[in-house]
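# Per-entry structural report
The lines below spell out each chain.
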Amino acid sequence: MTAEEYVGLAGWTPAALGRRGAVRPVVAAPDPALSRPGPEVDPTSDEVVRLAADLVATMRVSPGCVGLAAPQVGVSAQVFAVDVTGHPKAVTVHGPFVVCNAKVVEASRWKAGREGCMSVPDLTGDVKRASRLVVEGVLPGTGDLVRLVTDGFEARALQHEIDHCAGLLFLDRVAGAHAIYQRKVYL
């Protein structure tokens, strides 16, 4: 694909899914669903559109949640939702969105930062991630190709969710045991 074939979110919102999602239970490590790489999906299938709506619904009722991937609700698939709106560390904010089959195509300005995860509720860890990121993927429902250019906290959230789709947790990215901490605040 050429860059011209991709669009930004172009006003896409979860309403484009055409359905209200159901809240699903979030699985916790060491559930095997979290370590299994998900296959690419057909973003226009009813099953994927329903999953996308469910991810948004589950994320919205989860305090402090800025992203949720299909493996976190026990589904092996490359689908995730992100919304960093209102987060104090967010500078670039695309609003709520869901992406299927996402790939990082550019990553730069690597920085360490603290991460937590709903699927690892008792721990946080320092993870080195790109603070400037370009991701390409497909929007569920419409099937439109999307190219997201972001930075800072939103870039970190995207990489965290892409890792989930690849069967990785943030714990797989920490430099060692010295970079893992007991969570002090539960949201």
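Bear in mind the structure is a predicted one, so any value in this text is a computation, not a measurement.

This next bit is on the overall build of the protein. From N to C terminus, the protein includes 2 helices and 6 strands. When the helices and strands of the protein are read in sequence order from the N terminus, they spell out α-β-β-β-β-β-α-β. A globule of 187 residues ought to have a C-alpha radius of gyration of about 16 Å, and the protein, at 15 Å, matches this closely. With respect to the three principal axes, the spread of C-alpha positions in the protein is 45 × 35 × 30 Å. Here the protein holds 187 residues, and the buried ones make up 48% of them. For the protein, contacts bridging at least 24 residues in sequence account for 70% of all contacts bridging at least 6. Counting every atom, the protein has about 8,900 Å² of accessible surface; 54% of that belongs to carbon and sulfur. When the 19 positive and 20 negative side-chain charges of the protein are each reduced to one mean point, those points stand 7 Å apart.

Once that is clear, we can look at the packing of aromatic side chains. Enumeration according to the criterion identifies 0 aromatic pairs in this entry. Directly above the ring of Tyr181 sits Arg114, whose terminal nitrogen or CZ lies 3.7 Å from the centroid.

The next subject is helix H1 (residues 46-60). Between the first and last C-alpha of H1 there are 21 Å, a value that for 15 residues agrees with the 21 Å anticipated at 1.5 Å per step. Inspection of H1 places Val48, Val49, Leu51, Ala52, Ala53, Asp54, Leu55, Val56, Ala57, Thr58 and Met59 among the buried residues, and these make up the whole buried set. Where H1 is buried, its residues touch strand E1 (67-69), strand E2 (79-82) and strand E3 (97-117).

With respect to the secondary-structure elements, Val82 resides in strand E2. C-alpha separation for the pair Val82 and Phe97, spaced 15 residues apart in sequence, amounts to 5.6 Å. When near neighbours in sequence (up to four residues on either side) are disregarded, Val82 contacts Met59, Val66, Gly67, Gly95, Pro96, Phe97, Ala157, Leu158 and Glu161.

Counting residues in each nonpolar core, the largest one holds 42 residues, and the members touching the most others are Val79, Phe80 and Phe97. It is H1 that contributes the most residues to this core, 8 residues altogether. Among residues more than four places away in sequence, those in contact with Val79 are Val41, Val48, Leu51, Leu55, Ala69, Ala70, Val98, Val99, Cys100 and Cys165.

What follows is about the pairing of strand E4 (residues 120-138). Two strands pair when backbone bridges link them, and E3 and E4 are joined in this way by 14 bridges, in the antiparallel orientation. The residue of E4 that forms the bridge with Gly113 is Val127. In the sheet, E4 pairs with strand E6 (residues 180-182) via 3 bridges, with the strands oriented antiparallel. Among the inter-strand pairings, Thr124 is bridged to a residue of E6, identified as Tyr181. Relative to strand E5 (residues 145-151), E4 runs antiparallel, the two sharing 7 bridges. Within E5, the position partnered with Val135 by the bridge is Leu148. In this structure, the hairpin formed by E4 and E5 is closed by a connection of 6 residues, where Gly141 is found at a positive phi of approximately 90°.

On to the environment of Thr44. Here Thr44 shows up in the segment before H1. For the pair formed by Thr44 and Cys100, sequence separation is 56 residues and the distance between their alpha carbons is 10.0 Å. Setting aside chain neighbours within four positions, we find Thr44 in contact with Val49, Gly141, Thr142 and Gly143. A polar contact of 2.7 Å, which involves the side chain of Thr44, links it to the side chain of Asp42.

Rules behind the numbers
Every chain's residues receive numbers from 1 upward, in the order its sequence appears when written. Only residues with pLDDT of at least 70 are given local features in this predicted model, and only at 80 or more are side-chain atom pairs given and counted; all residues enter the totals for whole chains, interfaces and linings. Note: side-chain values were computed over all heavy atoms of the structure, leaving out hydrogens and water. Numbered from the N terminus, helices here are DSSP runs of H or I no shorter than four residues, and strands are runs of E no shorter than two. This radius of gyration counts C-alpha atoms alone. The globule rule is 2.2 Å times how many residues there are, raised to the power 0.38. When accessible area is computed with a 1.4 Å probe and restricted to protein chains, residues below 20% of their type maximum are described as buried, those above 50% as exposed, and intermediate ones as partly exposed. Residues count as neighbours in contact if any of their non-hydrogen atoms are within 4.5 Å of one another. Method for areas: the Shrake-Rupley scheme with a 1.4 Å probe, in which residue coverage is limited to the protein chains shown. In this tally, Asp and Glu contribute negative charge and Lys and Arg positive charge; neither His nor the terminal groups of the chain are included. Working definition for charges: the position is that of NZ of Lys, CZ of Arg, CG of Asp or CD of Glu. Only the six-membered ring of Trp is used, alongside the rings of Phe and Tyr, when aromatic pairs are assigned; centres must lie within 6.5 Å, and planes under 30 degrees apart are stacked while those over 60 apart are edge-to-face, with the rest tilted. Over a ring means this: the NZ of a Lys or the CZ of an Arg is within 6 Å of the ring centre and within 35 degrees of the ring normal. Take the residue count of a helix, subtract one, and multiply by 1.5 Å to get its expected span. In these notes, a set of buried Ala, Val, Leu, Ile, Met, Phe, Trp, Tyr and Cys residues joined through side-chain atoms within 4.5 Å is what counts as a nonpolar core. Pairing between two strands requires that DSSP report at least two bridges joining them. Two N or O atoms count as a polar contact when they lie within 3.5 Å, although within protein this holds only if one can serve as hydrogen donor and the other as acceptor, and sequence-adjacent residues are included solely when both atoms are side-chain atoms.

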